[in-house]
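# Overview (structure and organization)
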Amino acid sequence: RQGIGLRRLGSTADDFQQDLLSSLYYRKGTTVESASARDAYEALALTVRDRLADRRARTAAAQFAHNPRWVYYLSAEYLLGAQLEQNLLYSGTGDLAAQALKPLGRSLEEIEDLDVEPGLGNGGLGRLAACLIDSMATRDIPAVGYGIRYDFGIFKQSLEDGGQAERADDWAFHGNPWEFPAPDDRQTVGFYGHTEPVPGSPVRKRWVPGETVLGEPSHMLVPGYNTETVNIVRLWRARGSEASFDLSRFSAGQYAEAVQEAVRAENISKVLYPDDSTELGRELRLKQQYFLCSCSLRDIIRRFRLRNENWDDFADKTIIQLNDTHPTVAIPELMRLLVDEYELDWDRAWSITRRTFAYTCHTLLPEALETWPVHMFERLLPRHLEIIYLINMHFLREVEAHFPGDADRIRRMSIIGENGERRVRMAHLAVVGTEAVNGVAELHSKLLRETVLQDFADLWPAKFQNVTNGISPRRFIRLANPRLSEVISDGLGGDGWLNDLDRLAELESLADDPAFRERWRSVKRANKVDLAAGDPDSLTDVMIKRFHEYKRQQLKLLHVITMYHRIRENPNGDWIPRTVLFAGKAAPAYHAAKHIIRLINAVAATIAADPVVAPHLRVVFAENYNVTLAERIIPAADLSEQISLAGKEASGTGNMKLALNGALTIGTLDGANIEIRAHVGEENFFLFGLDAFQAAEARINGYHPREHYERDAELRAALDAINAGAFGGVGREVAESLLGWDEYLTLADYRSYLDCQEEVERAWRDRDRWTRMSILNTARCGFFSADRTVADYAARIWRVAPVPVPRED
Ligand SMILES: CCc1ccc([C@H](C)CC(=O)N[C@@H]2O[C@H](CO)[C@@H](O)[C@H](O)[C@H]2O)cc1
């Protein structure tokens, strides 16, 4: 195929205008006169997409020619956020777009409101995946993200009489102009069925699936910032096979039966599971995980064989990062493909497989570590269970060799859990089948080595690493906070810092400049006016994250109730006006978390209705927290609540986003809080509470939450008020669990937290001190760029180097 030259897309305002009109006429089939707002949005999206596709073509050619080691990021979740603003920024066409929309009588703001965000994730893990693929492109690393194109993303949250209500999120109801369907790259995926021996081969088997579905990919462009590279994220959607529509049944009037096979197939990618910490063990979820892995591995092998024919080069040309245990079944799937379909012998296949995969663990919660019943595996993936047994057999021999006669260790480390129902321990399989295992913050990685995965760290110490999370500065300060970005670019002479976030350190000297501090304060105030959550001069105290008892939104609530009591007891006190803003979703089946949401809204209503307290204190619950809302709240925050029980939050990434935007953190020594405090300086961080070791000790030495209730009058008053029904009779379940087991030592940390909040108020009263601390937080957050995170993965785990993409072909 000879490369015929494509006429390059012009870069002038007129070129852009012409391209927008041609998209409107030829791709939307309408005219300027009759174009709807959505027509204008889609025409604009296609015009911007073309410019990125131009770079994509050159990227694909350069990367293909280089035949590098490819990074494949396998994730069941991606929280990509809204695309238009990002792609306007990354294509440098923001002003051209605003200009070109004028003749259509449309403004960019109006059009941007039509840009939905694909909510294909729950929280931290999904957003991290999006930040990392953004940084891989920005760092010119050849990479592909693989995921699932759920028809329905994370549910839409609304409040109904103070409680969370969920509605299906049909995110692509109006279509998605940012994706390229690629039906030619469809893959066939099998389920159920049985295996048959292959004559003459002791190991190979023939799997006869009982059911097959098609996996159809569509990809979205992942542009790098200030570079030519444009990578892709490929999302798989399940379809019934061509023959899945049963015409005879249809013509017999059995309409449902006629389409049932297709419906069954499509159900696989129908909806994202909304749990972010408790595995429900649903078979459909395992089906989703295998569907993702089988489609992606076949696509990866197809790409490998385009440039390579020797299987022994596979691991040198491929590194697959497993985003938590959710895609771990990819390990036995690659073994199945290499042994059963490509007829490699077991040991050769295993050495390739182990060198191909790496695993990132994102949690410490035992209930979040996935295990699947052996009987479910046997039914759904019979061949994979056989392969897992073989992997386990070889592995336990290795354990036996290292720790002869240590039966208990064998039982603890086995991939198959035998206590009670036999279950496949996916984290064990992930550690055994990969060459690198990492946690997502120093403390988390240390606790992984010393607790949940200690046995494995004893056996393979070199395998365990840490790669502290990071965030995309393009989305979470440049796009979210243009005012602050402008102040920074003025101070640093241009926006180079967006590709080199450590340059923020140059701001430190400006912290002593009163004029700069004044500008800094006015930006924060303007962002608070935009957010309109409350009095822009009040201390905006923000807690935005998924609801979970370990994150301790309940502790923030006890502080609010105590403030409420204090103000009522001393109405004329010199109170600092404070706006407490909560946002976040609870997994629909997580009732304890939903009780906390209900109590927050009841307390908010009680305070709002109280003429004595309302002038000083306001509680707001912002509905339907997602990436777009985060981009609105973070720039307006003064105080960042990172108050999880030490040892429970693997890292956190919201903490990084808030600190980068000049919010001061009140937090425990948990996850990345520790590293944030180390970078911004202890004097610029409000620390409280037990550390991870003390928390573990407290539980071991017998923890009695009632003792704190008895001992602390303000705490007792807060809990008694809840139990007395002071807040619309809501919240008794919350008080009960705190006075009962209090799993996350909320009462133990209450007093230290309250004292720390007084420290916060003392600092707030000194505006210059607060503003200096805020500037220094931003200046010292360079480390938390996802570009640094990706550079760490590339150097220490992926062992890949950037592949530059030429500006012109
Ligand atoms: C099986 C159900 C399930 C689903 C998702 C998860 C995720 C691992 C939960 C998650 O999002 N973890 C968060 O990952 C972030 C990115 O590394 C960290 O910053 C957060 O601390 C961690 O809670 C666990 C269990």
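All values reported here derive from a predicted model rather than from experimental measurement. (Residues numbered from 1 in each chain as written. Predicted model: local features only at pLDDT ≥ 70, side-chain atom pairs only at ≥ 80, totals over all residues. Heavy atoms only, no water.)

### Here we look at the overall build of the protein chain
This is how the line gets drawn: A run of DSSP states H or I qualifies as a helix once it reaches four residues; a run of E qualifies as a strand once it reaches two. Both are numbered from the N-terminal end. Based on C-alpha atoms, the radius of gyration is set beside the globule rule, defined as 2.2 Å times the residue count to the power 0.38. For the area figures, the Shrake-Rupley method with a 1.4 Å probe applies, and any residue is considered shielded solely by the protein chains shown.
Broken down by element type, the protein chain carries 33 helices and 25 strands. Relative to the globule expectation of 28 Å for 809 residues, the C-alpha radius of gyration of the protein chain, 27 Å, shows essentially globular dimensions. Seen through its principal axes, the protein chain has C-alpha atoms that stretch 85 × 75 × 60 Å. Here the protein chain displays about 30,400 Å² of accessible surface, and carbon together with sulfur accounts for 52% of that area.

### Observations concerning helix α14 (residues 382-402)
Filter applied, for reference: What a helix is expected to span follows from its residue count: subtract one and scale by 1.5 Å. Between buried and exposed lies partly exposed: a residue is buried under 20% and exposed over 50% of the maximum accessible area for its type, with that area taken using a 1.4 Å probe on protein chains only.
Relative to the 30 Å expected for 21 residues at 1.5 Å per residue, α14 spans 31 Å between its end C-alpha atoms, a close match to the ideal helical length. Buried within α14 are the following residues: P382, R383, H384, L385, I387, I388, I391, N392, F395, L396 and V399.

### Here's the deal with the site of the ligand
The line we're drawing: Only heavy atoms are used to decide nearness, and a residue is near a molecule or strand if one of them lies within 4 Å of it. Polar contacts here mean pairs of N or O atoms no more than 3.5 Å apart (in protein, one a potential hydrogen donor and the other a potential acceptor; neighbouring residues in sequence count only if both atoms are side-chain atoms). Each residue gets one label: Ala, Val, Leu, Ile, Met, Phe, Trp, Tyr, Cys and Pro are nonpolar, Asp, Glu, Lys and Arg are charged, and the others, such as Gly, are polar. As annotated, the domain borders come from an automatic or database domain assignment.
Surveying the vicinity of the ligand reveals 21 residues, the closest of which are H362, N469, E649, S651 and G652. H362 is positioned such that a nitrogen or oxygen atom in its side chain is 2.6 Å from an oxygen atom of the ligand. Taking A650, its main chain carries an N or O atom lying 3.3 Å from an oxygen atom of the ligand. Its free accessible area being 570 Å², the ligand has 96% of it covered by the protein chains. Residues belonging to the shell around the ligand are distributed by class as follows: five nonpolar, nine polar and seven charged. Mapping the shell around the ligand onto the domain boundaries places at least three of its residues in each of domain 2 (69-82 + 121-240 + 271-370 + 434-468) and domain 3 (481-689 + 749-781).

### Brief notes about the pairing of strand β21 (residues 578-583)
The criterion, for reference: Two strands qualify as a pair provided that DSSP identifies no fewer than 2 bridges between them. Here the term right-handed applies to a crossover when the path leading from its first strand over the helix to its second strand runs clockwise, the strands being oriented away from the viewer.
The element β21 is largely enclosed, with a buried count of six among its six residues. Neither face of β21 is exposed, since R578, V580 and F582 on one face and T579, L581 and A583 on the opposite face are all buried. Summarising the sheet, strand β20 (residues 539-544) and β21 pair through six bridges and their orientation is parallel. Bridge pairing links I544 to A583 in β21. Where the polypeptide runs from β20 across helix α22 (residues 553-569) and back to β21, its parallel neighbour, the crossover connection is right-handed.

### As for the UniProt feature "modified residue: N6-(pyridoxal phosphate)lysine" (unreviewed entry) in the protein chain
This is how it is decided: UniProt positions are given in the numbering used here, feature names are shortened, and annotations may be inferred rather than shown by experiment. By definition in these notes, contact holds between two residues if any of their heavy atoms fall within 4.5 Å.
Mapped onto this numbering, the UniProt entry gives "modified residue: N6-(pyridoxal phosphate)lysine" (unreviewed entry) at K657. Sequence-distant contacts of K657, that is, excluding residues within four places in its chain, are made with R127, I471, F476 and I634.

### Concerning the nonpolar core
Soluble globular proteins: nonpolar side chains tend toward being buried together. Here is the rule we go by: As used in this record, nonpolar core signifies buried Ala, Val, Leu, Ile, Met, Phe, Trp, Tyr and Cys residues forming a set joined through side-chain atoms within 4.5 Å.
Judged by nonpolar contacts, the single largest core of 194 residues is most densely connected at L44, M136, F377 and W798. Per-element accounting of this core gives the leading share, 10 residues, to helix α9 (residues 283-307). Excluding anything up to four places from it in sequence, M136 contacts V71, Y73, I141, A143, N231, V790 and W798. Of all hydrophobic cores here, the second largest spans 66 residues; its members include A602, I643, V734 and M773.

### Quick look at the sheet that holds strand β17 (residues 423-425)
Across the sheet, which stays open at both edges, the three strands sit in the order β15-β17-β16 with antiparallel pairing between neighbours. Here the strands that pair on one side only, and so sit at the sheet edges, are β15 (371-373) and β16 (416-417). Sheet topology places β16 next to β17; two bridges connect them, and they run antiparallel. Each bridged residue has a counterpart across the sheet, and for I416 the counterpart in β17 is V424.

### Things to note about unusual backbone geometry
Most peptide bonds are trans, and most residues other than glycine sit at a negative phi. Although it is not a glycine, D742 sits at a positive phi angle of roughly 45°. Note that D742 resides in the loop between α30 (732-739) and α31 (746-765). The residue R799 is not glycine, and still its phi comes out positive at about 45°. Looking at where R799 falls in the secondary structure, it is placed in the segment after α33 (786-798).

### Remarks on the domain arrangement of the protein chain
Let me state the cut-off plainly: Here the quantity called buried area is the total loss of accessible area, with a 1.4 Å probe, experienced by two parts when brought into contact, counted for both.
Under the domain assignment used here, the protein chain contains domain 1 (1-66 + 84-116), domain 2 (69-82 + 121-240 + 271-370 + 434-468) and domain 3 (481-689 + 749-781). Of note, the centres of domain 2 and domain 3, computed from C-alpha atoms alone, are 34 Å apart. Listed by partner, the interface residues are 38 residues for domain 2 and 35 residues for domain 3. Taking both partners together, domain 2 and domain 3 bury about 2,800 Å²; carbon and sulfur atoms supply 55% of that area.

### With respect to a nonpolar patch on the surface
Put simply, the rule reads: What goes into a patch is any residue over 30% in relative accessible area without a salt bridge, connected to like charges within 9 Å or, for nonpolar side chains (Val, Leu, Ile, Met, Phe, Trp, Tyr), within 5 Å. Salt bridges are defined by distance alone: a side-chain nitrogen of Lys or Arg within 4 Å of a carboxyl oxygen of Asp or Glu.
On the surface, F245, L247, F250, Y255, V259 and V263 cluster together into a nonpolar patch covering about 550 Å² of accessible area. Broken down by secondary-structure element, the contributors of at least two residues to the nonpolar patch are α7 (247-251) and α8 (255-266). Top contributing element to the nonpolar patch by residue count: α8, with three residues.

### What about the sheet that holds strand β25 (residues 686-687)?
Reading across from one edge, β22-β21-β20-β23-β24-β25 is the order of the six strands in this open sheet, with parallel pairing throughout. Each edge of the sheet is formed by a strand with only one pairing partner; in this case those strands are β22 (617-622) and β25. The pairing of strand β24 (residues 664-667) with β25 spans two bridges and is parallel. The residue of β25 that forms the bridge with I666 is F686.

### Describing the packing of α22 against α31
Threshold: Here an axis means a line fitted to C-alpha atoms, over the contact stretch when the element is a helix, while the angle between two N-to-C directions is reported on a 0 to 180 degree scale. Any angle from 65 to 115 degrees is called roughly perpendicular, while one under 35 is roughly parallel, one over 145 is roughly antiparallel, and all others are oblique. The crossing is said to be left-handed when, going from far helix to near helix, the turn is anticlockwise and less than a right angle, and right-handed when the turn is clockwise.
Where α22 meets α31, the closest approach of the two axes is 10 Å, and the angle between their N-to-C directions is 60°. The orientation of α22 with respect to α31, classified from their angle, is oblique. Seen along the crossing, α22 lies across α31 with a hand that is right-handed. Of the residues in α31, those touching α22 at Q554, L555, K556, L558, H559, T562, M563 and R566 are T746, L747, Y750, R751, Y753, L754, Q757, E758 and E761.

### Digging into the environment of L715
Within the element layout of this structure, L715 appears in helix α29 (residues 713-723). Note on L715: relative accessible area 0%, which makes it buried. C-alpha separation for the pair L715 and H559, spaced 156 residues apart in sequence, amounts to 8.9 Å. Excluding its chain neighbours within four sequence positions, the residues that come into contact with L715 are L558, H708, Y709, L747 and Y750.

### Quick word on the pairing of strand β11 (residues 211-223)
Where a strand is regular, its side chains alternate between the two sheet faces. Among the 13 residues that make up β11, 12 are buried, leaving the element largely enclosed by the rest of the structure. With three bridges joining them, strand β7 (residues 179-181) and β11 adopt antiparallel strand pairing. Its bridge partner lying in β11, F180 is registered against H219. For strand β8 (residues 187-191) and β11, the ladder comprises five bridges, and the chain directions are antiparallel. Bridge pairing in β11 places T188 opposite L214.

### What to know about the environment of H565
Tracing the backbone shows H565 in helix α22. In sequence terms H565 and A721 are 156 residues apart; their C-alpha atoms lie 9.5 Å from each other. Setting aside chain neighbours within four positions, we find H565 in contact with A717, A718 and A721.

### Overview of the packing of aromatic side chains
Put simply, the rule is: Only the six-membered ring of Trp is used, alongside the rings of Phe and Tyr, when aromatic pairs are assigned; centres must lie within 6.5 Å, and planes under 30 degrees apart are stacked while those over 60 apart are edge-to-face, with the rest tilted. In this analysis the charged atom, NZ for Lys or CZ for Arg, is taken to sit over a ring once it is within 6 Å of the ring centre and within 35 degrees of the ring normal.
For the structure shown, the criterion picks out 26 aromatic pairs. Centroid distance W70 to Y72: 6.3 Å. Interplanar angle 15°. Geometry classified as stacked. Residue classification places W70 among the buried residues on the basis of a relative accessible area of 12%. Here the aromatic rings of Y90 and Y225 are separated by 5.3 Å at their centres, their planes lie at 70°, and the arrangement is edge-to-face. One end of the pair, Y90, is in helix α3 (residues 84-91); the other, Y225, is in the loop between β11 and β12 (230-239), and 135 residues separate them in sequence. Feature note: the residues W70, Y72, Y146 and W236 constitute an aromatic cluster, connected by ring pairs. Positioned above the aromatic ring of W70, the side-chain terminus of R303 is 4.5 Å from the ring centre. When the ring centre of F403 is taken as origin, the NZ or CZ atom of R409, which lies over that ring, is 3.8 Å away.

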